[in-house]
Amino acid sequence: MNAHLVQLIQIAKLDKDIEALEPLIKAKRADLNKALATRQKKQAEYTLLEEEKASLHLQIQKNEQALHETNAKVDGIQKKISQVKSERELRSLGIEEDITKERANQANKEIERLQNESAHKSKLQEELQSTLESLTQEIAALEEKVEADTAQIKEKQQAIFQEKQDLTLKMDHKLIAFYEKIRRWAGNTCVVSVKKQACGGCFIRINDRTYAEVLSSSDILTCPHCGRILYIDTAQSA
């Protein structure tokens, strides 16, 4: 096999190895990203509960103000009753007092309901706070692990990259430029083996003449259909 072609196959393999490590970094962050997303969601839930509690507090204040005004009105009615002289006026004031007391009763019930709802939301916040604390601890541990694992992967990448750099320095510059030009559009499939007389990149069958040239020629040949660099994988052929 052409020595330059061997170098191209080697450099293409190194590029594949470098890029193959990128998904590993993302995979290492998967659990961390999930935990971060969960914490963000729980924090949003906590904030929403806080906003709802603030709204309930305002409603309680309004009802307490209404209750205060209603109680003051009841006191005023009772003073009038103590001074009333006619039976008709007494009945009228009695009805007004009953209605006002019912309003006060309703306001008390509403205040109690709102306070219970606020207390329930506080309870939910306590549970969320506990969950958030656990998540923060989990995230800290995951970040430490991800940092260590990522450093190992990047160290491997750097070693492979250095190997590629060393190989590149030994290669013809025009050959490297040719390789990089194809790689810009073909990615890690710029150098492919011929399988069953078909290009390993575009999978289109190559004609007998081209196939024979790939088998016997010492030149670097490309697929007539897609332009990828072709070679015969002797290990597969065997």
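Procedures and definitions
- Sequence order sets the numbering: in each chain, residues are counted from 1 along the sequence as written.
- Confidence filtering applies because this is a predicted model: local features only for residues at pLDDT of at least 70, side-chain atom pairs given and counted only at 80 or more, and all residues used for totals across whole chains, interfaces and linings.
- Only hydrogens and water are set aside; all other atoms, that is, all heavy atoms of the structure, feed into the side-chain values.
- Secondary structure elements are taken from DSSP: a helix is a run of H or I of four residues or more, a strand is a run of E of two residues or more, and numbering for both begins at the N terminus.
- The classification of residues rests on relative accessible area computed with a 1.4 Å probe and restricted to protein chains. Under 20% of the type maximum is buried, over 50% is exposed, and intermediate values are partly exposed.
- Here a polar contact is taken to be a pair of N or O atoms separated by no more than 3.5 Å, where protein atoms must pair a possible hydrogen donor with a possible acceptor and residues adjacent in sequence count only if both atoms sit in side chains.
- Throughout, a contact is declared for two residues whenever any of their heavy atoms are within 4.5 Å.
- UniProt positions are given in the numbering used here, feature names are shortened, and annotations may be inferred rather than shown by experiment.
- The pairing criterion for strands is at least two bridges between them, as found by DSSP.
- Residue types Ala, Val, Leu, Ile, Met, Phe, Trp, Tyr and Cys, when buried and joined through side-chain atoms within 4.5 Å, form a set referred to as a nonpolar core.

### Quick notes on the side chain of Gln-197
Piece 1. By the secondary structure assignment, Gln-197 is in the loop between strand S1 (191-195) and strand S2 (198-199).
Piece 2. The exposure class of Gln-197 is buried, given its relative accessible area of 14%.
Piece 3. At 3.3 Å, the side chain of Gln-197 forms a polar contact with the side chain of Arg-205.
Piece 4. For Gln-197, the contacting residues outside a window of four places in its chain are Arg-205, Ile-206, Asn-207, Asp-208 and Tyr-211.

### Notes on the UniProt feature "domain: C4-type zinc ribbon" (unreviewed entry) in the protein chain
Piece 1. Annotation from UniProt places "domain: C4-type zinc ribbon" (unreviewed entry) at residues 198-230.
Piece 2. Structurally, residues 198-230 comprises 27% helix and 18% strand, and the distance from its first C-alpha atom to its last is 10 Å.

### With respect to the pairing of S1
Piece 1. Within S1, four of the five residues are buried, which leaves it mostly tucked inside the rest of the structure.
Piece 2. Hairpin remark: S1 followed by S2, antiparallel, with two residues in the connecting loop; positive phi at Lys-196, about 55°.

### Some points on the nonpolar core
Piece 1. In terms of nonpolar packing, the biggest core is built from 21 residues, with Leu-8, Ile-11, Met-171, Tyr-179, Cys-190, Val-191 and Ile-229 touching the most fellow members.
Piece 2. Elements represented by at least two residues in this core include exactly helix H1 (3-20), helix H4 (87-170), helix H5 (173-186) and strand S4 (229-231).
Piece 3. The biggest single contributor to this core is H1, with six residues.

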